[in-house]
Amino acid sequence: MTHVKLTMAQALNQALRDAMRADETVLMFGEDVGALGGVFRITDGLTAEFGEDRCFDTPLAESGIVGMAVGLAMNGMRPVVEMQFDAFGYPAFEQVVSHVAKMRNRTRGKVRLPIVIRTPYAGGIGGVEHHCDSSESYYAHTPGLTVVAPATVADAYTLLRRAIEFPDPVIFLEPKKLYWAKEEVDLTEDQPGIGQAVVRREGADATLIAYGPTVPVAMEAAHVAAAEGRQLQVVDLRSLVPFDDEAVCAAVRSTGRAVVVAEASGFASVSSEIVARVTERCFHSLAAPIRRVTGFDIPYPPPMLERYHLPSVDRILDAVDDLQWEDS
Amino acid sequence: MTTVEERLLPSAEPVQLIDQNGVRHEHPQYRLPADEVLVDGYAQLVKGRRINDQAGALVRQGRLAVYPSSHGQEACQVAATMVLREDDWLFPTYRDTVSIISRGVDPIETLTLLRGDWHSGYDPYEHKVAPQATPLATQLVHAVGVAHAARLKGEDTVVMALCGDGGTSEGDFHEALNFAAVFKAPVVFFIQNNEYAISVPLARQTVAPSLAHKGIGYGVPGERADGNDLAGLLAVLGQAVAKARAGEGPQLVEAHTYRVQAHTNADDATRYRNEAEVTPWLERDPIKRLDAYLSEQGLLDDNAKQAAESAAEQAADELRVGLMEDVSPDPADLFRYLHTTQTSQIKEQAAFLQDELAREEA
């Protein structure tokens, strides 16, 4: 047992460090990831330990970064790239959609791209315009991509290690408001892998389904609800693609009620997909329609207005209250 | 000491070693390739032309969905691969079928994209030929990555990255040249400037003095050559490859050529250009001039020509026979290659389709 107290940022840094020590084909590159250690310090010290050939800054051009990763992966490397902020990743969108996602399929499995695209994502940090987008639905909608979003320090470490070892491309979404969240963790402890959701809190009355930045909010809501006499189960998806239908459906069937909590705008989103597929599979176990608490269908707000946009404990509890309780 | 301009700017005129009448011209910087190289190149040009025209015919017969021909650009197609070693890489576009085949890739596997039975039918690692890129210039940044990986591994391989004049307007063209220059990646960027991006002429892509001039903005040496002169192309591309291999970083080469046919069979070139513009380019044909030069030098007799033509005919035959065979791609392939480990969602969908097909058969 080697328990240490770490922030999520430190755990991610450790994951990169351990992956680079374990496999010399692992390369880390992007904007400001060298001497500076990344604007969130996730790559802190990597250039010093592994040298300029292994962790390096690139010209400021995201399509070039991801496109170069494609070529490096084609020629035997395991590139990990950082898109400095979610919305800064859009110039790379064509590379991601037309090449990263499709290469394996279009070459009948001959060309495999073990690329990890790390993206500090979502809001809640008072970031100015273009620094707080929840872009997961674009990626989750694109066949060929694996999309992962950790919510805990232990998961940040494990899922990043697994993502780097993964044979196919992974979009790795790091909830930036959780970068500084501290936890006592044992990094040697085995966590569930990519594609597995976990129940973070047991509860028999209703299920909260959350991922990434909304998991702690859902946990808080469950805590408050318990004080009011309602037991809420919390499911942390961890991986959006592949989606753990089995675990999510088992959870929803056990309570018969569910609320999906996500920061992203709700329209045509991961949250709407969850409602659709859980309803298709669990309709006869449901006591009420599945509700959603999501961001509004608006561009991410300026910092002084973001609290009106983000899913809150109160909104979650209101949605839970709305699940057609017979005794209310 | 050379000035920045001398180091980076292309020749004042496109390099030409054999003109359209088959007359040889001396060049202060570039030497005519050896006789046997030109004779071999001639045979490859004849074969390339035959493949282009056979593929065009196969479209009309409904055996190919579409074929973007490099008719008239065969010198570029052939030169791009003739200057490479076996362990070098080629990054082609959808118009570079002849280049891919001359690299040794199976012609039928090359044409699956255009026949429509699979996107990319050949194993890119077998002959070090990347899948044909359709989104313009996107492959150029991949080329940089492959070249950089080679450098990290201590290999001296070079990457030949092809694109067209239209592609130079894309952002990825800029990013690729810039990245390659910054990382000193051994890439030769080879632009086949055939004057048209479907219907849009070069004048609407750029007002740069030439596409080769674009290199100076990235610190990449640019050079330009007559794209219908195989000898000049071999000399210029050969030197670019040698420089890249020697660690001098990326090189940019522009070939001045012309798309004498329409963009594809689905295009109508009479809507945007007239015959008078096309005719002079037919006179600049790459095969005609090399034929004239080699014949004049006594390097190409009737027997040799006959041999080249029958080899080309044989290649066309193989193409015809191969593409006349009916293929029935397996619907299960739709799901088979997406992930290394199939997700439960994809398994479900594959099972759904299989079940649907079984019910149809019953």
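For chain B, the name recorded in an unreviewed UniProt entry is 2-oxoisovalerate dehydrogenase subunit alpha, with Kribbella caucasensis as its organism. UniProt, in the comment section headed Catalytic activity (unreviewed entry), describes chain B in these words: "N(6)-[(R)-lipoyl]-L-lysyl-[protein] + 3-methyl-2-oxobutanoate + H(+) = N(6)-[(R)-S(8)-2-methylpropanoyldihydrolipoyl]-L-lysyl-[protein] + CO2".

An unreviewed UniProt entry lists chain A under the name Pyruvate dehydrogenase E1 component beta subunit, from Kribbella caucasensis. Recorded in UniProt for chain A, the comment headed Cofactor (unreviewed entry) runs: "thiamine diphosphate".

Visitor: Quick question: what am I supposed to make of the overall build of chain A here?
Guide: Helices and strands together make up the secondary structure of chain A, namely 12 helices and 14 strands. Taking 20 Å as the expected radius of gyration for a compact globule of 328 residues, we find that chain A reaches 20 Å, a close match to that expectation. Reported as C-alpha extents along the three principal axes, the dimensions of chain A are approximately 65 × 45 × 40 Å. Counting the 328 residues in chain A, one finds 62% classified as buried. Long-range contacts, defined here as pairs at least 24 residues apart, represent 81% of the contacts in chain A between residues at least 6 apart. With an accessible surface of roughly 12500 Å², chain A has 52% of that area assigned to carbon and sulfur atoms.

Visitor: Just to check I follow, could you spell out the interface of chain B and chain A for this structure?
Guide: Counting from both sides, the interface comprises 43 residues of chain B and, opposite them, 42 residues of chain A. Across the chain B/chain A interface, buried area totals approximately 3600 Å², and carbon plus sulfur atoms make up 59% of it. Here glutamate 348 of chain B ties to arginine 281 of chain A by a salt bridge, and the two come within 3.0 Å at their closest N and O atoms. Linking chain B with chain A are 21 residue pairs in polar contact (both at pLDDT 80 or more). Ranked by the residues each element gives to the side of chain B that touches chain A, the list is headed by helix H7 (residues 138–152) of chain B, at 10 residues.

Visitor: I tried to follow the domain arrangement of chain A on my own but got confused; where do I start?
Guide: Interface size is often expressed as the accessible area that is lost when the parts come together. Residues and elements named next belong to chain A. Under the domain assignment, chain A is made up of domain 1 (3–186) and domain 2 (198–321). Computed over C-alpha atoms, the centres of domain 1 and domain 2 are 26 Å apart. In this assembly, 27 residues from domain 1 lie in contact with 22 residues from domain 2. For the pair domain 1 and domain 2, the summed buried area comes to about 1800 Å², and 58% of that belongs to carbon and sulfur atoms. In this assembly, domain 1 and domain 2 are joined by two salt bridges. Among the ionic pairs, arginine 238 bridges to aspartate 155, the shortest N-O distance being 2.6 Å. The tally of links between domain 1 and domain 2 comes to 12 residue pairs in polar contact (both at pLDDT 80 or more). Of all the elements in the fold, those that place two or more residues in the side of domain 1 that touches domain 2 are helix H6 (136–140), strand E6 (146–148) and helix H7 (153–165). Classifying every residue of the side of domain 1 that touches domain 2 by side-chain character gives 15 nonpolar, eight polar and four charged.

Visitor: Explain the sheet that holds strand E7 (residues 251–256) of chain B to me, please; I cannot follow it from the model alone.
Guide: Adjacent strands of a sheet pair through backbone hydrogen bonds, lying either parallel or antiparallel. Residue and element names in this part refer to chain B. Reading across from one edge, E1-E2-E3-E7-E6 is the order of the five strands in this open sheet, with parallel pairing throughout. Of all strands in the sheet, those with a lone pairing partner are strand E1 (89–91) and strand E6 (222–226), marking the two edges. Taking the axes of each pair of neighbouring strands and ignoring which way they run, one obtains an average angle of 20° across the sheet. The pairing of strand E3 (residues 187–193) with E7 spans six bridges and is classified as parallel. Each bridged residue has a counterpart across the sheet, and for valine 188 the counterpart in E7 is glutamine 251. Running over the sheet, helix H3 (residues 74–82) touches E1, strand E2 (159–164), E3 and E7 and is turned about 170° from E3.

Visitor: It is not clear to me how the packing of helix H4 (residues 93–100) of chain A against H7 of chain B should be interpreted in this structure. Could you clarify?
Guide: Each pair of packed helices can be summarised by the angle the axes make with each other and by the distance between the axes. Contact geometry of H4 of chain A with H7 of chain B gives a least axis separation of 11 Å together with a crossing angle of 80°. One way to sum up the angle between H4 of chain A and H7 of chain B is to call them roughly perpendicular. For the pair formed by H4 of chain A and H7 of chain B, the contact residues are Glu94, Gln95 and His99 of chain A on the first element and Thr138, Val141 and His142 of chain B on the second. Split by residue class, the contact of H4 of chain A with H7 of chain B holds one nonpolar, four polar and one charged.

Visitor: Sorry if this is basic, but what is going on with the state of the cysteines here?
Guide: Here is the idea: a disulfide is a covalent bond, and it sits between the sulfur atoms of two cysteines. Under the counting rule described, the total for this entry stands at zero disulfides over all chains. Here cysteine 76 of chain B stays unpaired: no disulfide links it, and the sulfur of cysteine 163 of chain B, its closest cysteine neighbor, is 12 Å away.

Visitor: So what exactly am I meant to see when it comes to the packing of aromatic side chains here?
Guide: Remark: the centre distance and the inter-plane angle together describe each pair of aromatic rings, the angle taken between the planes. Applying the stated rule across the entire model yields 17 aromatic pairs over all chains. Measuring from centroid to centroid gives 6.1 Å for tryptophan 118 of chain B and tyrosine 337 of chain B, while their planes differ by 70°, and the two rings are edge-to-face. Linking tryptophan 118 of chain B in the loop between helix H6 (112–115) and H7 with tyrosine 337 of chain B in the loop between helix H13 (333–336) and helix H14 (344–361), this pair joins segments that are 219 residues apart in sequence. When the centroid spacing of 6.2 Å and the interplanar angle of 45° are considered together, the rings of phenylalanine 179 of chain B and phenylalanine 183 of chain B count as tilted. Judged on exposure class, the residue phenylalanine 179 of chain B and its partner phenylalanine 183 of chain B are both buried. An aromatic cluster is built from Phe40, Phe85, Phe88, Tyr179 and Trp180 of chain A, whose rings are joined through pairwise contacts. Positioned over the ring face of tryptophan 325 of chain A is arginine 230 of chain A, at 4.0 Å from the centre of the ring. The ring of tryptophan 325 of chain A has arginine 257 of chain A lying over it, and the distance from NZ or CZ to the ring centre is 4.1 Å.

Visitor: What's the story with unusual backbone geometry in this structure? I'm lost.
Guide: When glycine is set aside, most residues are seen to have a negative phi, and most peptide bonds are trans. With omega at -5°, the peptide bond leading from valine 241 of chain A into proline 242 of chain A counts as cis. Phi is positive for arginine 238 of chain A, which is not a glycine, with a value near 65°. Here arginine 238 of chain A shows up in the loop between strand E11 (232–236) and strand E12 (239–241). Residue class for arginine 238 of chain A comes out buried when judged on its relative accessible area of 0%. In this structure, lysine 184 of chain B is a non-glycine residue whose phi angle is positive, near 50°. Here lysine 184 of chain B is to be found in the loop between helix H8 (171–182) and E3.

Visitor: Looking at this structure, I do not really get the UniProt feature "domain: Dehydrogenase E1 component" (unreviewed entry) in chain B. What am I missing?
Guide: As recorded in UniProt, the feature "domain: Dehydrogenase E1 component" (unreviewed entry) lies at residues 49–317 of chain B. Annotated as 42% helix and 12% strand, the span residues 49–317 of chain B places its first and last C-alpha atoms 14 Å apart.

Visitor: Sorry if this is basic, but what is going on with H7 of chain A here?
Guide: Helical geometry: 3.6 residues make up each α-helical turn, so side chains three or four residues apart lie on a common side. Residues and elements named next belong to chain A. The end-to-end C-alpha separation of H7 is 19 Å, in line with the 18 Å expected for 13 residues at 1.5 Å each. A large share of H7 lies buried, amounting to 11 of its 13 residues. Those residues of H7 not exposed but buried are Val153, Ala154, Asp155, Ala156, Tyr157, Thr158, Leu159, Leu160, Arg161, Ala163 and Ile164.

Visitor: Explain the sheet that holds strand E13 (residues 258–265) of chain A here, please?
Guide: All names here are of chain A. Spatial strand order, E9-E11-E10-E13-E14: five strands in an open sheet with mixed pairing. In this open sheet, the two strands that pair with only one neighbour each are strand E9 (198–201) and strand E14 (291–295). When the angles between neighbouring strand axes are averaged without regard to direction, this sheet yields 25°. As paired elements, strand E10 (residues 206–210) and E13 share four bridges and run parallel to each other. Opposite leucine 208, over in E13, you have valine 259 as the bridge partner. Across the sheet, helix H8 (residues 215–227) lies against E9, E10 and E11, angled at about 170° from E11, the strand it touches most.

Cut-off values and rules
Residues numbered from 1 in each chain as written. Chains lettered and ligands numbered in written order. Predicted model: local features only at pLDDT ≥ 70, side-chain atom pairs only at ≥ 80, totals over all residues. Heavy atoms only, no water. UniProt positions renumbered as here; feature names shortened; annotations may be inferred. Helix = DSSP H or I, 4+ residues; strand = E, 2+ residues; numbered from the N terminus. Rg over C-alpha atoms; globule rule 2.2 N^0.38 Å. Buried < 20%, exposed > 50% of the residue type's maximum accessible area, 1.4 Å probe, protein only. Contact = heavy atoms within 4.5 Å. Areas by Shrake-Rupley, 256 points an atom, 1.4 Å probe, with all protein chains shown as cover. Buried area = accessible area lost by both parts, 1.4 Å probe. Salt bridge = Lys/Arg side-chain N within 4 Å of Asp/Glu carboxyl O. Polar contact = N/O pair within 3.5 Å; in protein donor to acceptor, adjacent residues only side chain to side chain. Domains from an automatic or database assignment. Nonpolar A, V, L, I, M, F, W, Y, C, P; charged D, E, K, R; others polar. Pairing = 2+ DSSP bridges. Axes fitted to C-alpha atoms, helices over the stretch in contact; angles between N-to-C directions. Parallel < 35°, antiparallel > 145°, perpendicular 65-115°, else oblique. Disulfide = S-S within 2.5 Å. Phe/Tyr/Trp six-rings, centres within 6.5 Å; stacked < 30°, edge-to-face > 60°. Lys NZ or Arg CZ within 6 Å of the ring centre and 35° of its normal. Expected span 1.5 Å × (residues − 1).

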